[in-house]
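# Residue-level structural notes
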Amino acid sequence: MSEEFEADTMNSLADMPFATIDIKDDCGILDVPQRNLEKNKENERISKEQIKKRKKKRKDYQPNYFLSIPITNKEITRGIKILQNAIIEQDEQLAKAMISEGSFHLTLLVMQLLNEGEVHNGIDALWELKPFVEEILQGKDLTLPFEGVDTFGNQVGFVKLVEGDHVRLLLQIAEAAKRTFQEKGILAGESRSFKPHLTFMKLSKVPWLRKKGVKKIDPEFYEKFISHRFGEEVVHRIDLCSMLKKKQSNGYYHCESSIVIGDKNGGEPDDAELVRLSKRLVENAVLKAVQQYLEETQNKNKPGDGSSVKTEEADRNGTDSDNNKK
């Protein structure tokens, strides 16, 4: 009887609807190798998407702001003007390729800031950079001596920075700046290595010259200045400047904010710096007031436990009792 019962039971189970279903498949239980394979495929897909996004960001990367060390030493600027005039005397067409006197600077870092929010983020990054610069310099002045002339591919003319320990310090500051701005989520830096230089002319400023046969800067134009000593610049300031906004009346770039390096004028900021600091303080105060107003408005509009209604009722009751006393 037991054998017949067992046979009947097996036949009955075979007729059930789940008899041919694999429990692992039905419940979504996968073999370990298959689960790992699918996980690896998903990770690979996510990784490819992230790489694609980064490439797209870099493809759209067009720097429009930069960190500038302004050149203010009159000896240097006079020497560059003499150099520019000597070149123009040999080819008057190159006059419009010259950089104006007020714009002379060294570029530490280029970046992309697309809106006011990102500009404010860049200003914050600049101020965060200041203690790193002070740590690198250890209380000493950073003096940059300029001597000689060279070009980048005969397209960009620049005054050369003399080799020395100051170059090492400048490279450290540039690296600290790049790290600080990138940690704030700002697209900053270039693919090529940093080479500090003081530009005095660019053929890209006058592209129509190519049609007239001027395709390069002739080395003979500046051969008398190959070993010329232009002077030394003591770094006192680092500016966050716009490449596109209207320049200042003195020819220098539109400046969003600055940090003072060293102890210029006994630590007293100049007029331009005071204006920038005042502007920054006002902007911060306005933003803080707006944020506080929005928070208060949101708190008032939040559905609560009726405490605000109770408070109003209590105020009314208090007023009524005061009136009754009178």
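It should be noted that the structure appears before, not after, this text.
Residues numbered from 1 in each chain as written. Predicted model: local features only at pLDDT ≥ 70, side-chain atom pairs only at ≥ 80, totals over all residues. Heavy atoms only, no water.

Moving on: the overall build of the protein chain. Counting its secondary structure elements, the protein chain contains eight helices and nine strands. When each of the 326 residues of the protein chain is scored for burial, the buried share is 31%. Considering only contacts in the protein chain between residues 6 or more positions apart, those separated by 24 or more positions represent 79%. When the accessible surface of the protein chain is totalled, it reaches about 21,900 Å², and 52% of it is carbon and sulfur. (Helix = DSSP H or I, 4+ residues; strand = E, 2+ residues; numbered from the N terminus. Buried < 20%, exposed > 50% of the residue type's maximum accessible area, 1.4 Å probe, protein only. Contact = heavy atoms within 4.5 Å. Areas by Shrake-Rupley, 256 points an atom, 1.4 Å probe, with all protein chains shown as cover.)

Along the chain, N64 turns up in the loop between α3 (32-59) and β1 (65-70). On the basis of relative accessibility, which here comes to 12%, the residue N64 falls in the buried class. Those residues in contact with N64 that lie beyond four places of it in its chain are M111, Q112, L113, C241, S242, M243 and L244.

Evaluated as defined, the whole model comprises three aromatic pairs. Between F66 and Y253 the ring centres are 5.1 Å apart and the planes differ by 85°, which places this aromatic pair in the edge-to-face class. Remark: Y253 occurs in the loop between β8 (237-242) and β9 (255-260) and F66 occurs in strand β1; sequence separation between them is 187 residues. For the pair F66 and Y253, a shared accessibility class is recorded, and that class is buried. Ring pairing ties together the aromatic residues F66, Y252 and Y253, which thus form one cluster. R179 extends its terminal NZ or CZ atom over the ring of F132, reaching a point 5.8 Å from the ring centre. The ring of Y253 is capped by K247, whose NZ or CZ atom sits 4.5 Å from the centre of that ring. (Phe/Tyr/Trp six-rings, centres within 6.5 Å; stacked < 30°, edge-to-face > 60°. Lys NZ or Arg CZ within 6 Å of the ring centre and 35° of its normal.)

Because each turn of an α-helix spans 3.6 residues, side chains separated by three or four positions in sequence point in the same direction. Here helix α5 (residues 116-137) is 22 residues long and its end C-alpha atoms lie 31 Å apart, about the 32 Å a rise of 1.5 Å per residue gives. Of all the bends in α5, the largest measures some 25° and sits at K130, one to four residues before the proline P131. Taken residue by residue, α5 has V119, H120, G122, I123, A125, L126, L129, K130, V133, I136 and L137 as its buried positions. Two or three places before G117, at the start of α5, stands the capping residue N115, its side-chain oxygen 3.1 Å from that residue's backbone nitrogen. Immediately downstream of α5, the backbone of Q138 shows phi near 55°, a positive value. (Expected span 1.5 Å × (residues − 1). Bend = angle between axes of the 7 residues up to and from the residue. Polar contact = N/O pair within 3.5 Å; in protein donor to acceptor, adjacent residues only side chain to side chain.)

Assignment of secondary structure puts Q112 in strand β2 (residues 105-112). Relative accessible area serves as the criterion here: at 10%, Q112 is assigned to the buried category. Only 2.8 Å separates the side chain of Q112 from the backbone nitrogen of Q62, close enough to count as a polar contact. Contacts of Q112, omitting those with residues within four sequence positions, involve D60, Y61, Q62, P63, N64, E118, I186 and L187.

On to the sheet that holds strand β7 (residues 229-234), then. Taken in spatial order, the four strands line up as β6-β4-β3-β7 in an open sheet, and their pairing is antiparallel. The strands lining the two open edges of the sheet, one partner per strand, are β6 (198-202) and β7. When strand polarity is set aside, the average angle formed by the axes of neighbouring strands in this sheet is 30°. Pairing analysis gives five bridges linking strand β3 (residues 143-152) to strand β4 (residues 156-161), with the strands arranged antiparallel. Paired with F146 across the two strands is L161, which belongs to β4. Sitting on the sheet, helix α4 (residues 74-90) touches β3, β4, β6 and β7, and the angle it makes with β7 is about 145°. Against the sheet, helix α6 (residues 165-183) makes contact with β3 and β4, and its axis sits at roughly 85° relative to β3, the strand it touches most. (Pairing = 2+ DSSP bridges. Axes fitted to C-alpha atoms, helices over the stretch in contact; angles between N-to-C directions.)

Below, the discussion takes up the pairing of β8. Along β8, six of the six residues are buried, which leaves the element largely enclosed by surrounding structure. Residues R237, D239 and C241 of β8 are buried on one face, and the alternating residues I238, L240 and S242, pointing to the opposite face, are buried as well. Strand direction decides the pairing type here: β1 and β8, joined by four bridges, are antiparallel. Counted as the bridge partner of Y65 is S242 from β8.

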